[in-house]
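# Understanding the architecture of this molecule
Residues per chain, in single letters:
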Amino acid sequence: LLGLSGLALALRAGLAHLGLPPAPGDLAAGIALALWSFGMLAYGLKLARRPGVILEDLRVMPSRAGLAAASMGGMAAAALVAPFSGPAAMVLLWAALLAHGVLALLTLRVLAGLPPEARGVNPGWHLSFVGFIVGAPAALALGQRGLALGLFYGTLPIAIAIWAVSLLHLRLRVPPAALRPLLAIHLAPAAILAPVATGIGQAWLATALMLVMVAILVALGLGARWITEAGFSALWGAFTFPLAATATAFLVQGGVLAWVG
């Protein structure tokens, strides 16, 4: 669902670059918003029946990633709504940021109670602790440059730390084949941070982050067969949002890179 929202945002940017009518992008945005809303309603009903289930879900890595993607989806939804209603988008953005903050705190609490081998750094940490950056494009669209700056500089060092530790772990041990699709999540922070850096006027940071994004994209491409060795599973959903965000990042840069997007 988060990937569909990211794809709708990429489609909007692509149509604008081509000078085409925005209607297909708006249609995609409506579909993505409806599906995300249904997902949130379904999980809300689950919580209403047994609130403690959220702590059980957070004990499992794929579930932690899914819950983080849910609140990140709210931030992406705010960006989708922004062209139609600024106030509604602002409420949605702050609600999603608040929900993501609560999830991050609950995740830290759960991780502290897990055995050491279950609380190591993994790609899903980007979603839980760097996922706030998804709100920055919406903040820029709503004219909230200060909020975008705070989200950018608050998440950039966390993303760098997770990249560094994950690279070290990858050199020391091979992840199980079933979990390798999650490595694609490493692409998402760079793909979102780069256009945000452009939006806040940090050209050199945008260039550096684009280079990081391209390096990760090439590494994922070269290792695609190894990453997908276990065959198709629901974890292939990890490919969707990072690729959509990468397309948007290229489109925002304009010129030849826009055609890559």
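Residues numbered from 1 in each chain as written. Predicted model: local features only at pLDDT ≥ 70, side-chain atom pairs only at ≥ 80, totals over all residues. Heavy atoms only, no water.

## What to know about the overall build of the protein
A count of helical and extended segments in the protein gives 13 helices and zero strands. For the protein, the sequential pattern of α-helices and β-strands runs α-α-α-α-α-α-α-α-α-α-α-α-α. Its C-alpha atoms give the protein principal-axis dimensions of roughly 50 × 45 × 35 Å. The 261 residues of the protein split such that 45% are buried. Across the protein, the fraction of contacts at a sequence separation of at least 24, relative to all contacts at a separation of at least 6, is 73%. The protein carries 13 positive and 5 negative side-chain charges, and their two centres are separated by 5 Å. (Helix = DSSP H or I, 4+ residues; strand = E, 2+ residues; numbered from the N terminus. Buried < 20%, exposed > 50% of the residue type's maximum accessible area, 1.4 Å probe, protein only. Contact = heavy atoms within 4.5 Å. Lys, Arg positive; Asp, Glu negative; His and termini not counted. Charge placed at Lys NZ, Arg CZ, Asp CG, Glu CD.)

## Here we look at the nonpolar core
Residues L93, I133, F152, M213 and F241 are the most contacted members of the largest nonpolar core, which totals 79 residues. Here this core gets 13 residues from one element, more than from any other, and that element is helix 4 (residues 61-81). L93 has contacts with M75, A78, G135, A138, A139, L142 and L147, leaving out every residue within four places of it along the chain. (Core = buried A, V, L, I, M, F, W, Y, C linked by side-chain atoms within 4.5 Å.)

## Description of the packing of aromatic side chains
As enumerated under the stated definition, the model contains four aromatic pairs in all. When the ring of W125 is compared with that of F129, the centres are 5.4 Å apart and the planes differ by 75°; the resulting orientation is edge-to-face. You can see W125 and its partner F129 sitting in helix 6 (residues 124-130), four residues apart, about one turn around the helix. For the pair formed by W125 and F129, the shared burial category is buried. With a centroid separation of 5.0 Å and an interplanar angle of 90°, the aromatic rings of F152 and Y153 are classed as edge-to-face. An aromatic cluster is defined as three or more aromatic residues linked by ring pairs; in this entry it consists of F232, W236 and F239. (Phe/Tyr/Trp six-rings, centres within 6.5 Å; stacked < 30°, edge-to-face > 60°.)

## Examining the pattern of salt bridges
Considering all chains together, one arrives at four salt bridges under this definition. As a salt-bridge pair, E56 and R50 come within 2.7 Å of each other at their nearest N and O atoms. Judged by relative accessible area, R50 falls into the partly exposed class, the value being 42%. (Salt bridge = Lys/Arg side-chain N within 4 Å of Asp/Glu carboxyl O.)

## Some words on the packing of helix 1 (residues 2-18) against helix 4
It is the contact of helix 1 with helix 4, at a shortest axis distance of 9 Å, that shows an interaxial angle of 25°. Taken together, the axes of helix 1 and helix 4 are roughly parallel relative to one another. Where helix 1 crosses over helix 4, the two elements pack in a sense that is left-handed. Only A69, M72, G73, A76, A79 and L80 of helix 4 make contact with helix 1, whose side of the interface consists of L2, S5, A8, L9 and R12. Considering only residue class, the contact of helix 1 with helix 4 consists of eight nonpolar, two polar and one charged. (Axes fitted to C-alpha atoms, helices over the stretch in contact; angles between N-to-C directions. Parallel < 35°, antiparallel > 145°, perpendicular 65-115°, else oblique. Left-handed = near helix turned anticlockwise from the far one by under 90°. Nonpolar A, V, L, I, M, F, W, Y, C, P; charged D, E, K, R; others polar.)

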